[in-house]
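Each chain, letter by letter, is given below.
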Amino acid sequence: MRDLSDDRRWLAVNTATVRAWSLEQVIEGCTRSGISAIAPWRHIIQQCGLARAARLIRDAGFTITCLCRGGTFTAADEAGRRAALDDNRRAIDEAAAIGAGSLILVAGGLPAGSKDLAGAHAQVRDGIAGLLPHARAAGVPLAIEPLHPMTAADRACINTLAHANDLCDELGQGVGVAIDAYHVWWDPDLPRQIARSGARILSYHVCDWLVPTRDLVFDRGMPGDGIIDLQRLRAMVEDAGYGGHCDVEIFSAQNWWKRDPDEVLRICVERHQTVV
Ligand code: ZN
């Protein structure tokens, strides 16, 4: 396991963690904090303008670990699924333009009014399969991120790393997994599935699970403030062969989003070096 205690090279900041900042501010703020890798969301790239964003990132010498995010393949009708694929192709083009290491895919939940979970799973599989030729041509790996089961209905019906691994087995080259501590920490099958993921691990996201959790989306904790054994998790991910960044991804409406982003980054660095 890598020693991160005096090392910021493998710390990446998901731009959602410093949500008040534009892309320009994220680059400036990270530079002030000695951080040179980020995982941006599409809207802040689009707000900046794709060509300009690509230039700013290149000029700063930043690494883009992944682009958040594509997916949402499920829809009530064919037109909806086609629109989702079109949007995902644009996301791939954006990821390629900024040199992102992967495009994160969040599956999509049950279509409105549907109770057909198996049908939703099939739509996700077909959606990724439909996207793969474009992703392969663009050289952008697709990272399936399983989300916590509490999101199955409304955001993502791929909820375990086992399910994501099964999809990778089925779909072949060009698709891998994103492991987000918040979404998978609870899974008793996790050690086996991380080992099974091996070289498919494209992205690793950290934050912490707070007890109690007051909001199912917007109450993520800073690493070290909750109950996830992050060092054990990182050891498993690294034993499986992952040697990339640890992306700090915190949605926190009542706490971290209210603080000075420079202070948030300072604490991200400290926790990266001590508990991640
Ligand atoms: Zn994530």
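Residues numbered from 1 in each chain as written. Predicted model: local features only at pLDDT ≥ 70, side-chain atom pairs only at ≥ 80, totals over all residues. Heavy atoms only, no water.

Asks: Got a minute to help me understand the overall build of the protein in this structure?
Replies: When helices and strands are counted, the protein shows ten helices and nine strands. Expected size for 276 residues packed as a compact globule is a radius of gyration near 19 Å; at 18 Å, the protein falls within 12% of this value. C-alpha extents for the protein along the principal axes are approximately 45 × 45 × 35 Å. Looking at the protein as a whole, 54% of its 276 residues are labelled buried. Long-range pairs, those at least 24 residues apart, make up 79% of the contacts in the protein with a sequence separation of at least 6. On the protein, roughly 11,400 Å² of surface is accessible, and the fraction owed to carbon and sulfur atoms is 50%. Side chains of the protein give 29 positive and 35 negative charges; the mean places of these two sets differ by 2 Å. (Helix = DSSP H or I, 4+ residues; strand = E, 2+ residues; numbered from the N terminus. Rg over C-alpha atoms; globule rule 2.2 N^0.38 Å. Buried < 20%, exposed > 50% of the residue type's maximum accessible area, 1.4 Å probe, protein only. Contact = heavy atoms within 4.5 Å. Areas by Shrake-Rupley, 256 points an atom, 1.4 Å probe, with all protein chains shown as cover. Lys, Arg positive; Asp, Glu negative; His and termini not counted. Charge placed at Lys NZ, Arg CZ, Asp CG, Glu CD.)

Asks: Teacher, can you tell me more about the pattern of salt bridges here?
Replies: Opposite charge on two side chains permits them to pair, given that their charged atoms come into close proximity. Under the criterion given, the structure shown has 24 salt bridges. Taking the shortest distance from any N to any O, the salt bridge between Glu-78 and Arg-81 comes out at 3.6 Å. Of this pair, Glu-78 and Arg-81 both sit in helix H4 (residues 78-97), three residues apart, roughly one helical turn. Since its relative accessible area comes to 23%, Arg-81 is described here as partly exposed. We note a salt bridge from Arg-214 to Asp-219, for which the minimum N-O separation is 3.3 Å. For Arg-214, a relative accessible area of 61% corresponds to the exposed category. Three or more residues joined by partner-sharing salt bridges are found here, namely Arg-42, Asp-87, Arg-90 and Glu-94. (Salt bridge = Lys/Arg side-chain N within 4 Å of Asp/Glu carboxyl O.)

Asks: Would you take a moment to explain helix H6 (residues 161-171) for this structure?
Replies: An α-helical segment advances 3.6 residues per turn. Residues three or four places apart therefore align on the same side. Those residues of H6 lying buried are Leu-161, Ala-162, Ala-164, Asn-165, Leu-167, Cys-168 and Leu-171. Residues of H6 that are buried make contact with helix H5 (117-138), strand S6 (142-144), strand S7 (175-180) and helix H8 (190-197). In the stretch just after H6, Gly-172 is the one whose phi turns positive, near 85°.

Asks: What is the right way to look at the packing of H5 against H6 in this model?
Replies: Relative placement of two packed helices is described by the angle separating their axes and the distance separating the axes. Axis separation between H5 and H6 bottoms out at 11 Å; the angle between their running directions is 50°. In terms of orientation, H5 lies oblique with respect to H6. Of the two elements, H5 crosses H6, and the hand of that crossing is right-handed. The residues of H6 that touch H5, namely those facing His-121, Arg-125, Ile-128, Ala-129, Leu-132 and Arg-136, are His-163, Leu-167, Glu-170 and Leu-171. (Axes fitted to C-alpha atoms, helices over the stretch in contact; angles between N-to-C directions. Parallel < 35°, antiparallel > 145°, perpendicular 65-115°, else oblique. Left-handed = near helix turned anticlockwise from the far one by under 90°.)

Asks: What am I meant to see in the coordination of the zinc ion here?
Replies: Reference values for angles at a metal are 109.5 degrees in the four-donor tetrahedral case and 90 or 180 degrees in the six-donor octahedral case. Around the zinc ion, the protein contributes the donor atoms Glu-145 (OE), Asp-180 (OD), His-205 (ND1) and Glu-249 (OE), which lie 2.1 to 2.3 Å from the metal centre. Considered as a linear motif, the donors of the zinc ion on their single chain read E-x34-D-x24-H-x43-E. In this pair, Asp-180 sits in strand S7 while His-205 sits in strand S8 (residues 201-206), placing the two residues 25 residues apart along the sequence. A residue is classified by how much of its surface remains accessible, and Asp-180, at 0% relative accessible area, is buried. (Donors = N, O, S within 2.8 Å, 3.2 Å for Na, K, Ca; no water.)

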